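Residues per chain are reported as follows:
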Amino acid sequence: MLDFIYYPVSFILWCWHWVFGHVFGEASAVSWALGIVFLVFTLRAIMYKPMVKQVRSMRKMQEFAPEIKKLQKKYSNDKQKLAQEMQKLQSQHGVNPLGGCLPMLLQIPVFIGLFHVLREFKPGKTENYFFDERGVSSYIAADLFGARLSNWITQPAVELANFEVSRGAIIVVAVPLMILASALTHLTARHSVARQNPDAANQQTALMNKLTLYIFPLGVLIGGFFFPIGLLIYWLANNGWTLMQQYVVYRKIDAEEAEKKTAAIEKRNAAAPKPGQRPQQRKRVTPAKPEGVDAAATPASEKAADAAPPAKAEPDTPGANGKAKAAGNGKPAGGTEIPGLISGRSRSKKSGRKNR
């Protein structure tokens, strides 16, 4: 039914066992253990880029966590509208929620496939997916401190008799692996929780943190009673890889963010005025009149100001003042009159203006 998972998993394991079998021996437990470990490394290396995208997606979601809280408060009674607004907000920030779940979803079928393949290494079998009868016999004969990689603690006594091993030998090998795998699961979760933004905390986040910190490691510890020793080696290698990968990826992302902040500060400091320097004021530029504007559109006050000749200053001499006083009739000194100007009319205009 799930042969499309079992065959690729068994093929990768076969390749690595073939490599280490030439070094440590085909039936050596070290060859099979290293084959399982490098099976993990191969699959996790393939999933490296999705894991980096997962971390970046989680960091972005933490950045706009306050906006999510506002939406949850605003649409607390309308779940459909809340979902629409959440999708809109995630698309604006370029966040894909499924991107954060992809690495975990890819690991589940691998775990199921390896669990099935390792349990199918049984005495009397002539093949196990990509392994032939020789490969099956080699795996069964691999001795790890008196236990076989296909054995588990709660395995029926009849099957243990077929492997010619005791339950005590299995406990001695399996229990330390169970404890180490559980401890690495807890450390991996603790390292991830420590990177979370406190502003993004809510009830769902707190619940998931408790699950990953305590329930999952406890599940690994209890599940170790039913997992073959080979699968415990896989779980231990997988959690060890995850812990180291988180350390490397988080350092890389932190360095990138620190570099961006430094560049932004330098840019802001370069634009700011130096100490003791006055800020430069922008010169006021009078807008030019557009071409083709008719002279009739110009205000009359501007026309009068443009057409008026500059006033000439009269000499301040006693003779000139005397002539002006001698005239006495409102005419300019020297008996001259300005053409076109009638004294009476000008007086009447002035008086009319006053009356108005």
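As a reminder, the structure under discussion sits directly above these lines.
This write-up is about the structure you can find in this document. (Residues numbered from 1 in each chain as written. Predicted model: local features only at pLDDT ≥ 70, side-chain atom pairs only at ≥ 80, totals over all residues. Heavy atoms only, no water.)

### With respect to the packing of aromatic side chains
Reasoning step 1: One pass over the structure, following the stated rule, counts 18 aromatic pairs.
Reasoning step 2: Among the aromatic residues, those joined into a cluster by ring pairs are Trp16, Phe20, Phe38, Phe41 and Trp241.
Reasoning step 3: Sitting over the ring of Trp152, Arg119 keeps its end group 4.0 Å from the ring centre. (Phe/Tyr/Trp six-rings, centres within 6.5 Å; stacked < 30°, edge-to-face > 60°. Lys NZ or Arg CZ within 6 Å of the ring centre and 35° of its normal.)

### Focus on the pattern of salt bridges
Reasoning step 1: In total, this model carries 3 salt bridges according to the counting rule given.
Reasoning step 2: Here Glu26 and Arg134 are joined by a salt bridge, their closest N and O atoms 3.0 Å apart. You can see Glu26 sitting in the loop between helix H1 (3-24) and helix H2 (29-46) and its partner Arg134 sitting in helix H7 (residues 133-141), a full 108 residues away along the chain.
Reasoning step 3: A relative accessible area of 32% places Glu26 in the partly exposed class.
Reasoning step 4: Ionic pairing is found between Arg148 and Asp143, a salt bridge with its closest N-O pair at 3.0 Å. (Salt bridge = Lys/Arg side-chain N within 4 Å of Asp/Glu carboxyl O. Helix = DSSP H or I, 4+ residues; strand = E, 2+ residues; numbered from the N terminus. Buried < 20%, exposed > 50% of the residue type's maximum accessible area, 1.4 Å probe, protein only.)

### Some thoughts on the nonpolar core
Reasoning step 1: In this structure, Leu114, Ile229 and Ile233 are the most contacted members of the largest nonpolar core, which totals 47 residues.
Reasoning step 2: Elements with a minimum of two residues in this core: H1, H2, helix H6 (97-119), H7, helix H8 (157-163), helix H9 (167-194) and helix H11 (229-271).
Reasoning step 3: It is H2 that contributes the most residues to this core, 8 residues altogether.
Reasoning step 4: Ignoring any residue separated from it by four or fewer positions in sequence, one finds Leu114 in contact with Val9, Leu13, Ile36, Leu39, Leu231 and Tyr234. (Core = buried A, V, L, I, M, F, W, Y, C linked by side-chain atoms within 4.5 Å. Contact = heavy atoms within 4.5 Å.)

### Looking at H9
Reasoning step 1: Helix length check: H9, at 28 residues, gives a terminal C-alpha distance of 40 Å against a target of 40 Å (1.5 Å per residue), a fit within 8%.
Reasoning step 2: The sharpest bend along H9 measures roughly 25° and falls at Ala174, with the proline Pro176 sitting one to four residues further on. (Expected span 1.5 Å × (residues − 1). Bend = angle between axes of the 7 residues up to and from the residue.)

### Thoughts on unusual backbone geometry
Reasoning step 1: Not every positive phi belongs to a glycine, and Tyr129 is a case in point at roughly 60°.
Reasoning step 2: With respect to the helices and strands, Tyr129 occurs in the loop between H6 and H7.
Reasoning step 3: Look at Tyr129 and you get partly exposed, because its relative accessible area is 23%.
Reasoning step 4: The phi dihedral of Phe145 is positive, around 55°, even though this residue is not glycine.
Reasoning step 5: Exposure remark for Phe145: the relative accessible area of 71% places this residue in the exposed category.

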